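Architecture and fold: a report
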Amino acid sequence: MDLEKRDFLKISAITASAAAANLLLPRGAFAAVFDSAMPASAQAADESRPRSVQTAAAPFSGAIGMDACQSLDYNEMAARSPMIQASWQYLRREAERIEDRTLRALINDIYGNSSPRLANLDSGSRKLVWEQLNAAGYTKQDRNNFLPPVPPDMNDRYPCVAAPGSGYGSHHAYPGGLITHVAANVMITSAIVDTYKEVYGYDVNRDIAVAAQLLHDLHKPYVFQWLDDASSRVEQPLAGTGEHHVLSLAELIVRQAPAELIVAQACAHTHPGNETEENQVVNWLKAAAIIAGADPVRYGLLDASGKTLPLPRRQEGFICHLGDHDFVLSVPAVQWTLPVMREIAKRDYKLSDNDLRGKPFNSLRNMVYSQVSAMRLEHAYVGGRERVRALMHSVVRPV
Ligand SMILES: [Fe+2]
Ligand SMILES: [Fe+2]
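Structural notes, computed from the coordinates.

Each value, and the rule that gives it
- The written sequence of each chain sets the order in which its residues are numbered from 1.
- Chain letters start at A and ligand numbers start at 1, both assigned in the order the entries are written.
- Totals for whole chains, interfaces and linings use all residues, but because this is a predicted model, local features are given only for residues with pLDDT of at least 70 and pairs of side-chain atoms are given and counted only at 80 or more.
- As a rule here, side-chain values cover all heavy atoms of the structure and leave hydrogens and water aside.
- Both site types are read off a 1 Å grid over the protein atoms alone. A 1.4 Å probe that fits but cannot get out defines a cavity, while an open set with protein on both sides within 12 Å along at least five of seven lines defines a pocket; lining residues have an atom within 4 Å of a point.
- Grid points are joined across faces, edges and corners, and a volume is the space filled by probe spheres set on the points.
- Secondary structure elements are taken from DSSP: a helix is a run of H or I of four residues or more, a strand is a run of E of two residues or more, and numbering for both begins at the N terminus.
- Coordination shells were defined by N, O and S atoms within 2.8 Å of each metal, extended to 3.2 Å for Na, K and Ca; water is absent from the atom set, which can make sites look incomplete.
- Relative accessibility under 20% of the residue-type maximum defines a buried residue, over 50% an exposed one, and the middle range a partly exposed one, all with a 1.4 Å probe and only protein chains included.
- In this analysis an axis means a line fitted to C-alpha atoms, helices contributing only their contacting stretch, and an angle means the value between N-to-C directions, from 0 to 180 degrees.
- Under this scheme an angle from 65 to 115 degrees is roughly perpendicular, one under 35 degrees roughly parallel, and one over 145 degrees roughly antiparallel; angles in between are oblique.
- Two helices cross in a left-handed way if the nearer one is turned anticlockwise from the farther one by less than a right angle. They cross in a right-handed way if the turn is clockwise.
- Contacts are assigned to residue pairs with any non-hydrogen atoms lying within 4.5 Å of each other.
- All residues other than Ala, Val, Leu, Ile, Met, Phe, Trp, Tyr, Cys, Pro, Asp, Glu, Lys and Arg, Gly among them, are scored as polar; the first ten of these are nonpolar and the last four charged.
- Note on aromatic contacts: the rings of Phe and Tyr and the six-membered ring of Trp form a pair at centre separations within 6.5 Å, being stacked when their planes are under 30 degrees apart, edge-to-face when over 60 apart, and tilted otherwise.
- Residue types Ala, Val, Leu, Ile, Met, Phe, Trp, Tyr and Cys, when buried and joined through side-chain atoms within 4.5 Å, form a set referred to as a nonpolar core.
- Salt bridges are counted wherever a side-chain nitrogen of Lys or Arg sits within 4 Å of a carboxyl oxygen of Asp or Glu.

This paragraph deals with the layout of surface pockets. If you add up the space inside the second largest pocket, you get close to 160 Å³. Around the second largest pocket, the lining comprises 13 residues; the ones closest to its centre are Leu72, Asp73, Tyr74, Ala230 and Lys359. Going through the elements one at a time, helix H5 (66-71), helix H6 (74-80) and helix H20 (359-372) are the ones with two or more residues in the lining of the second largest pocket. Here the element with the most residues in the lining of the second largest pocket is H20; it accounts for three residues.

And the structure:
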């Protein structure tokens, strides 16, 4: 598991949010994403899929050969995936549903241009930021490596659609994993907002809750940069959590996002429901403010004391946190299916032990996960290894 999540599983909350997602989201919204998520051949291999969903498969070009698989890069894999493309379209539609014009413009700006403005820090500012972070105990990295390197191909169109959604051993470790992770989170978040309305009879600020979720991992393309061996960069800790979280908050400060949005997003990794947890959120905001060169109290990120979130605490942060629990099942989904995939890769794709440790296997797993998801593969695995095998074959033909 990457550093993104603390070791804290609120099982009851997850169950509630998952149930809410199933019960309250319009079927059309789900269908738009998931009906197109499976190649027809893979659907046939997964017999447990409900018939009503099987009837609406998106066009899929079918399995490719191993040589073609090895030659595709992460952008091409994401582009070939109906699941990722549908998830991306869903996120763009959700962004358009944000009523606040400024918020909507901010999301569209970031989605259209995910290059971090933080990367533009000059060397003098970097030195100053590192000194402050180090003095506060937020980083133990040396001053030259406390931020991710600027990717060589980074420009104003650095792609977020093909970014992984986690570290390479964790929950969405494949091209387009970020988009599928965020799409799942946004659906769950919307359902929680609807649940509070339906059950308790009040409206939270939907714009803030959904916008926080839409943007919550916005720095992952920067932190989890793809490497030459088709794996991704290893994340470093920052202020006690994965650096992507603090950097995402800092990016929003740099972009002058509303304080209530940044505070809600800061709660993605934990909730401010008790002093210990809230202290973590406060520290993430303080570290982000250091990086962005802002005063967190004056900006409205913290209460005047500087020790708590603005009081009284708003509910949207709790909802953002609940909505970001897609990792509970998706982490083991990757970890449980990888050994099975390796076994099949050796037998059916003739990969050597050496191949399994490098690009040949990484490209194969990237292709399979990006087309059918680790979640779907794990679900197939419940029915037996042969189902995993059939799903893999439906994406990449055996050798
Ligand atoms: Fe995160
Ligand atoms: Fe996340």
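Next up on the list: the coordination of the iron ion (ligand 1). Taken together, the protein donors to the iron ion (ligand 1) comprise Asp217 (OD), His244 (NE2) and His269 (NE2), at separations of 2.2 to 2.3 Å. Sequence positions of the donors to the iron ion (ligand 1) reduce to the motif D-x26-H-x24-H. A separation of 3.7 Å is found between the iron ion (ligand 1) and the iron ion (ligand 2), which share aspartate 217 as a coordinating residue. Of this pair, aspartate 217 sits in the loop between helix H11 (206-215) and helix H12 (220-223) while histidine 244 is found in helix H13 (residues 243-254), placing the two residues 27 residues apart along the sequence. Since its relative accessible area comes to 2%, aspartate 217 is described here as buried. A relative accessible area of 0% places histidine 244 in the buried class.

Between helix H9 (residues 123-135) and helix H15 (residues 275-292), whose axes approach to 9 Å, the crossing angle comes to 160°. Of the possible angle classes, the one that applies to H9 and H15 is roughly antiparallel. As H9 packs across H15, the resulting crossing turns out to be right-handed. Side by side, H9 and H15 meet where Val129, Gln132 and Leu133 of the first sit next to Ala287, Ile290 and Ile291 of the second. For the contact of H9 with H15, a count of residues per class yields five nonpolar, one polar and no charged.

As a further point, take the packing of aromatic side chains. Throughout the structure, instances matching the rule amount to seven aromatic pairs. Ring centres of tryptophan 88 and tyrosine 111 lie 5.2 Å apart, and the angle between their planes is 40°; this geometry places the pair in the tilted category. Here tryptophan 88 is found in helix H7 (residues 82-96), whereas its partner tyrosine 111 is found in helix H8 (residues 101-112), with 23 residues between them in sequence. Each member of the pair, tryptophan 88 as well as tyrosine 111, is classed as buried.

A few words now on the environment of glutamine 280. Mapped onto the fold, glutamine 280 is located in helix H15. Sequence separation between glutamine 280 and threonine 308 is 28 residues, and the spatial gap between their C-alpha atoms is 10.0 Å.

Ranked by size, the top nonpolar core spans 99 residues in total, and within it Leu91, Leu261, Leu364 and Val396 carry the most contacts. Considering every element that reaches this core, the biggest residue donor is H15, with nine residues. Counting eight residues, the second largest nonpolar core, distinct from the first, contains Ile188, Val193, Tyr196 and Val204.

As a further point, take empty space enclosed by the protein. This structure, assessed with the given rule, holds three cavities of 30 Å³ or more. Of all the secondary-structure elements, those providing two or more residues to the lining of the largest cavity are H8, helix H10 (177-200) and H11. At three residues, H10 tops the list of elements feeding residues into the lining of the largest cavity. Looking at side-chain class alone, the lining of the largest cavity contains eleven nonpolar, two polar and one charged residues.

It is worth spelling out helix H17 (residues 316-323) at this point. Across the eight residues that make up H17, a large majority, seven, are buried. Those residues of H17 that sit buried are Glu316, Gly317, Ile319, Cys320, His321, Leu322 and Gly323.

A cis amide bond links leucine 311 with the next residue in sequence, proline 312, at an omega value of -10°. Tracing the backbone shows proline 312 in the loop between helix H16 (296-299) and H17. At alanine 230, a position not held by glycine, the phi torsion is positive, near 70°. Position of alanine 230 relative to the elements: it lies in the loop between H12 and strand S1 (237-238). Residue class for alanine 230 comes out buried when judged on its relative accessible area of 12%. The backbone of serine 373 shows a phi angle near 75°, a positive value even though the residue is not glycine. Its location among the elements puts serine 373 in the loop between H20 and helix H21 (374-382).

Next up on the list: the pattern of salt bridges. Evaluated as defined, the whole model comprises 18 salt bridges. Across the pair lysine 197 and aspartate 203 runs a salt bridge whose closest N-O atoms are separated by 3.3 Å. Residue classification places aspartate 203 among the exposed residues on the basis of a relative accessible area of 55%. A salt bridge links arginine 313 to glutamate 278; the shortest N-O distance between them is 2.8 Å. Of this pair, arginine 313 sits in the loop between H16 and H17 while glutamate 278 sits in helix H15, placing them 35 residues apart in sequence. Judged by relative accessible area, which is 36%, arginine 313 ranks as partly exposed. In the salt-bridge network here, residues are joined through shared partners; they are Asp109, Arg117, Glu251 and Arg255.

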